[in-house]
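# Understanding the architecture of this molecule
Each chain, letter by letter, is given below.
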Amino acid sequence: MKKIVFVDNDTSYIVPLKTEFERAGFEVNCWDDAQKALDAISNQQVDLLICEVELPQMDGHKFFKKIRSIDAFKTTPFIFLSSQKRVDDRIKSMELGVDDYIIKPFSIEEIVARIKALFKEITLQNDTNHQPDKGFSGNLTEMNLVDLIQTLELGKKSALLKLKHDSASGLVYIKNGEVIDASLESLPPEQALMRMFTWTIGNFYVEMTPIDRERNINMANKELITVGLRRINQWEQIKDGLPPLNTVVIKTDLNNSANLSDDEKQLIVTMDEKNLIYELVQKCQCDDLKALELIKGLLNKGYLKATDENFSSYTDNYLAHLKEVASRSRTTSERAVSIMSSYFKSSSDEESSTDISNDEKKVLLDRRRYSRRLHDRLRDNNHIHLTKAELLLIRERLS
Amino acid sequence: MRIGEVAIISHKASEPEDFIKSVCGSIEIKNKTVSFGCLEIDEQLALHLYGMNIENQNRSFFWDIVSRKMLGYILIFDWDDQKMLDAIKPIADNFSQSCEAPIVIVANIKDQTNPPVPDEFYKPEGILLSTNSIFTFGQIDDPECARRILILLVNMLIVKMP
């Protein structure tokens, strides 16, 4: 549960605010004095601080500076509350480095929504941006672990690879181009690596750093890459015909386990009431490929069934759900399927569906690809032309 | 005066205009292909919205020149007319391939209180297509909804900021 510290000497709205925060799943500690709050929280883990700017003893700005001087709070999100209407004051506050600025009076629903948005932003940022400078990052769909190993092997580089897939994070240690160790949860190094080979959705960050570590993986890179590629192929083949891996599956009422293998029985025993497919793979004691195969078998035999819970933001899930609903309804959802499928199909799949000829397409494509404009325009010049403080002001005005 | 610029692109002239009216209250400049509206954030900061109608335009339109300094793009299509989606798709492809600015793709619906898809698909926070693009349903002639769409764009920008 996220812990929020709230500092304001106006306590008139604290009770409803606290109730609403707790209903939204936050733990809230309220203080009417900044110094008291500082004394109380300096040794605690806090996820967010919200403070009124104008306080009688220690004001919000001083509180913010003191908080930031404590190591544990160097990056803790901080929001100012204020009745100040002057833009200069607000920009000044935001330029101190606070994450948001909320003008009083506000609705409690609004502040809860802003806080949720802030936590979401922080999670996204942590996933994508908050990485040290010396390295590079990307998407595992575009560059998977095999590609990364091959790239680093070519340059005989030493690096720490940080991979993230759903809620799991793994590390791969590469010394002079050779994979020497890997860690993922409590798995042995080679098994950890094998699992990470199958991650084709998620993010990676490559930190170029000297690696001083004992070798725990004895397979040579060439062999690892062969195994990795084979596993990716097998994984994709098994996945074919399965719902997206973050689909929730549940046990059905089928009780007759005579048709099941011991592994299948074991897998069913280890299941909770509801499981995401990928979680089930991780839970299973056997190799991931085998686990996925077992799940596929159980789904086909009717011992497990996919539910429409956990609707995710991923496009494939979205389409899968639309398709599922379309099978139940012949009205709007069918339309949803046709339109969304059409949209998300890649351009290359659409040779026949568009009214532009192939020749015309080639001319356009070539012009995009080779024109000087490609380099001197968008990618290089399309920076964000406003500051974060200004963007926050725009968002506030729009809210 | 600091100015943020956003391009609102649609195959129908009326859609960017409706969107701009919803956000800014009125259209300040309007011609055959472009409409313009301004939302003053305060005395030092404003948001300029450029509505662009691609109805009679060639697909090779030089978006990269027109929209050089845009904060981001809002691409609108009529949910009830699949041709509109087909028309907007090359633009979306082009932007997503050649541009790092965020894109919000909006399926414009007539009545958001009665969305044409089951409730679970109608997510006000949109559906993340990539780190740079979001798909959402929306009723663009509703001011609150139009602002929500702009907020989605601004949120993507904020996430990108150091």
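Note that this is a predicted model, so its numbers are computed, not measured. (Residues numbered from 1 in each chain as written. Chains lettered and ligands numbered in written order. Predicted model: local features only at pLDDT ≥ 70, side-chain atom pairs only at ≥ 80, totals over all residues.)

### Observations regarding the overall build of chain B
Per the secondary structure count, chain B includes four helices and eight strands. Secondary structure elements of chain B occur, N-terminal to C-terminal, as β-α-β-β-β-α-β-α-β-β-β-α. Looking at chain B residue by residue over its 162 residues, the buried ones come to 51%. Long-range contacts, defined here as pairs at least 24 residues apart, represent 66% of the contacts in chain B between residues at least 6 apart. (Helix = DSSP H or I, 4+ residues; strand = E, 2+ residues; numbered from the N terminus. Buried ≥ 20, exposed ≤ 12 C-beta atoms within 10 Å, placed from the backbone. Contact = placed C-beta atoms within 7 Å.)

### A short note on the packing of helix H17 (residues 388–398) of chain A against helix H4 (residues 143–160) of chain B
It is the contact of H17(A) with H4(B), at a shortest axis distance of 9 Å, that shows an interaxial angle of 160 degrees. Looking at the two axes, H17(A) sits roughly antiparallel to H4(B). Pair H17(A) / H4(B) crosses with left-handed handedness. Counting all contacts with H17(A), which are made through A:Lys388, A:Leu391, A:Leu392, A:Ile394, A:Arg395 and A:Leu398, the residues of H4(B) involved are B:Arg147, B:Leu150, B:Ile151, B:Val154, B:Leu157 and B:Ile158. Considered class by class, the residues forming the contact of H17(A) with H4(B) number nine nonpolar, no polar and three charged. (Axes fitted to C-alpha atoms, helices over the stretch in contact; angles between N-to-C directions. Parallel < 35°, antiparallel > 145°, perpendicular 65-115°, else oblique. Left-handed = near helix turned anticlockwise from the far one by under 90°. Nonpolar A, V, L, I, M, F, W, Y, C, P; charged D, E, K, R; others polar.)

### Examining unusual backbone geometry
Residues and elements named next belong to chain A. Look at Lys-156: it is not a glycine, yet its phi comes out positive at around 50 degrees. Within the secondary structure, Lys-156 sits in the loop between helix H6 (145–154) and strand E7 (159–165). In this structure, Asn-176 takes a positive phi of about 50 degrees despite not being glycine. Residue position: Asn-176 is located in the loop between strand E8 (168–175) and strand E9 (178–184).

### Digging into the sheet that holds strand E13 (residues 304–306) of chain A
Residue and element names in this part refer to chain A. Taken in spatial order, the three strands line up as E12-E11-E13 in an open sheet, and their pairing is antiparallel. Whereas interior strands pair on both sides, the edge strands pair on one side only; in this sheet they are strand E12 (274–276) and E13. Each neighbouring strand pair of the sheet contributes to a mean axis angle of 35 degrees, computed without reference to strand direction. Where strand E11 (residues 248–251) meets E13, three bridges bridge the pair, whose relative direction is antiparallel. Residue pairing across strands places Lys-251 opposite Leu-304, the latter belonging to E13. (Pairing = 2+ DSSP bridges.)

### A look at the pairing of E9(A)
All names here are of chain A. Two elements, E8 and E9, share six bridges in a ladder whose sense is antiparallel. Each bridged residue has a counterpart across the sheet, and for Leu-171 the counterpart in E9 is Ser-183. A loop of two residues connects E8 with E9, the two strands running antiparallel in sequence, and Asn-176 in this loop sits at a positive phi of about 50 degrees.

### Concerning helix H1 (residues 14–24) of chain B
One turn of the α-helix equals 3.6 residues, which is why residues spaced by three or four share an orientation. Residue and element names in this part refer to chain B. Across the 11 residues that make up H1, a large majority, nine, are buried. Along H1, the residues classified as buried are Glu-15, Pro-16, Glu-17, Asp-18, Phe-19, Ile-20, Ser-22, Val-23 and Cys-24. Its buried side turned inward, H1 meets strand E1 (2–10), strand E3 (34–42), strand E4 (45–53), strand E5 (72–78), strand E6 (103–108) and H4.

### Side note on the nonpolar core
Membership of the largest hydrophobic core comes to 90 residues, with the highest contact counts inside it found for B:Ile8, B:Ile74 and B:Leu75. With 11 residues, the top contributor of residues to this core is H4(B). For this core, the domains that each give at least three residues are domain 1 (2–127) and domain 5 (358–398) of chain A. Each residue touching B:Ile74, except ones within four places of it in the same chain, is listed here: B:Val6, B:Ile8, B:Phe19, B:Val104, B:Val106, B:Ile149 and B:Leu153. (Core = buried A, V, L, I, M, F, W, Y, C linked by C-beta atoms within 7 Å. Domains from an automatic or database assignment.)

### Details of the confidence of the model for chain B
Residue and element names in this part refer to chain B. Here chain B averages 80 in pLDDT, while 80% of its residues score no lower than 70. The spread of mean pLDDT over the elements of chain B runs between helix H2 (residues 63–66), the lowest at 60, and H1, the highest at 91. Predicted as a complex, the structure gets a pTM of 0.41 and an ipTM equal to 0.89. (pLDDT = per-residue confidence, 0-100.)

### As for the pairing of E4(B)
Successive side chains on a regular strand alternate, one facing one side of the sheet and the next facing the other. All names here are of chain B. With seven of its nine residues buried, E4 lies for the most part within the structure. Bridge analysis of E1 against E4 gives nine bridges, and the strand direction is parallel. In the sheet register, Ser-10 faces E4, and the bridge partner there is Asn-53. In terms of strand pairing, E3 meets E4 through eight bridges, oriented antiparallel. Across the sheet, the residue bridging to Gly-37 is Leu-49, located in E4. Linking E3 back to E4 in an antiparallel pair, the connection comprises two residues.

### Examining the sheet that holds E8(A)
Residues and elements named next belong to chain A. Ordered in space as E6-E10-E7-E8-E9, the five strands form an open sheet in which the pairing is antiparallel. This sheet does not close on itself; its edge strands, each paired only once, are strand E6 (135–139) and E9. Here the average twist between neighbouring strands, direction ignored, is 15 degrees. In the sheet, E6 pairs with strand E10 (residues 203–208) via five bridges, with the strands oriented antiparallel. The residue bridging Ser-137 from the neighbouring strand is Tyr-205, located in E10. Set on the sheet, H6 makes contact with E7, E8, E9 and E10; between it and E7 the angle comes to about 170 degrees.

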